[in-house]
Amino acid sequence: AKAAGRDTLCFYEPAMQASVTARAALEADMRTALAQGQFVLYYQPQWERERIVGAEALLRWLHPHDGFVSPAQFIPLAEQSGLIVPLGTWVLQQACAQLALWAQEPALAQLTLAVNVSPRQFRQSDFVAQVLAALASHGTDPRRLKLELTEGLLLEDTEATIAKMGELKRYGVGFALDDFGTGYSSLAYLKRLPFDQLKIDQSFVRDVLTDPNDAAIARTIVALGASLGLSVMAEGVETEAQRAFLERHQCHSWQGYLLGRPMPEQDFEHTVRAQAH
Ligand code: C2E
Ligand code: CA
Ligand code: CA
Ligand code: CA
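Residues numbered from 1 in each chain as written. Chains lettered and ligands numbered in written order. Predicted model: local features only at pLDDT ≥ 70, side-chain atom pairs only at ≥ 80, totals over all residues. Heavy atoms only, no water.

### Topic: helix α9 (residues 212–228)
Our working rule: By definition, any uninterrupted DSSP run of H or I lasting at least four residues is a helix, any uninterrupted run of E lasting at least two residues is a strand, and each is numbered from the N terminus. One fewer than the residue count of a helix, multiplied by 1.5 Å, yields its expected span. Buried residues are those whose accessible area, probed at 1.4 Å on protein chains only, stays under 20% of the maximum for their type, while exposed residues exceed 50% and partly exposed ones sit between those limits. Throughout, a contact is declared for two residues whenever any of their heavy atoms are within 4.5 Å. Think of a polar contact as two N or O atoms within 3.5 Å of one another; within protein, one of them needs to be a possible hydrogen donor and the other a possible acceptor, and neighboring residues in sequence only count if both atoms come from side chains.
Between its first and last C-alpha, α9 extends 24 Å over 17 residues, near the 24 Å set by a 1.5 Å rise per residue. Taken as a whole, α9 has its buried residues at Asp214, Ala215, Ala218, Ile221, Val222, Leu224 and Gly225. Buried-residue contacts for α9 involve β6 (174–180), α7 (187–192), β7 (197–200), α8 (202–206), β8 (231–235) and α10 (240–248). Where α9 begins, the side chain of Asp211 points an oxygen toward the backbone nitrogen of Asn213, at a separation of 2.8 Å. A positive backbone phi angle near 75° is found at Gly229, which sits one or two residues after α9.

### Focus on the coordination of the calcium ion (ligand 3)
Note the cut-off: Note that water is not among the atoms considered, so a metal site may appear incomplete; the donors listed are N, O and S atoms within 2.8 Å of the metal, with 3.2 Å applied to Na, K and Ca.
For the calcium ion (ligand 3), every protein donor is listed as Asp178 (OD), Asp179 (OD), Glu235 (OE) and Glu235 (OE), and the spread of their distances is 2.1 to 2.6 Å. In primary sequence terms, the donor set of the calcium ion (ligand 3) follows D-D-x55-E. Separating the calcium ion (ligand 3) from the calcium ion (ligand 2) is a gap of 3.9 Å, bridged by Asp178, which donates to each. You can call Asp179 partly exposed: its relative accessible area is 25%.

And the structure:
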């Protein structure tokens, strides 16, 4: 084990140095991308029983040479470098503009749009002002906007978190707790923070039919949501059997490849219009 440890260390240092260079290059690329409009939002349908009730906005980077770069690759670095703040502001502006367009078409007017908010973005002292400015600049109904926060945020500075959420909630903005079950949030936090929805992390949904522990966790989250008066959405639903399991256990909100992949704006709108009649 010692030898393996030494081997690991030998490879670790050069890898770190290489990755510093690679990271610096990626970061510079991201700044250019933001300035040149290479980011775009995709929309993944969110279902409630038989209907699409909204979408989650997912960031895509259409890189001029590398094609689509996954957010899993650039969000963590954007978070570290601080670029997530202007990038997150762009996402909010874009989402509010999209909602304002949907509001003009009866078939789309009731849709909600869920936007991922990174911890660093949420911690900015002017976060609430940023959200309100994005809503105001497009005349967007705040009740159509849902912000997805992760549990990491809840560990620190709970009072400030409660205050920010409370203020936005007064305008009608909704909140979902993303990736629920993977972090460390205590039930006490959950009771104090004004969430509207829990999202069962896809890692539990994936093996819900084969792993009794995951099935128990999924059922527990549904029960918890019911007792706290929160809706519960399952993400990462890929098969009809998973959807049926969730439905049997009183989870009626779903998102996943089975029901629709993240897609460009027009494909999403087309999908929603098709269910309107
Ligand atoms: P997330 O918020 O948990 O988003 C769900 C991820 O699961 C998305 O990956 C989505 O494409 C993927 N997914 C959806 N349905 C399925 C399914 O049935 N099976 C599987 N295997 N995956 C599914 P994506 O788009 O690559 O985004 C990855 C993460 O990047 C997101 O995870 C979120 O944490 C972050 N992200 C994306 N857009 C934004 C953004 O605008 N702002 C911030 N701060 N983070 C973002
Ligand atoms: Ca999310
Ligand atoms: Ca998630
Ligand atoms: Ca996630």
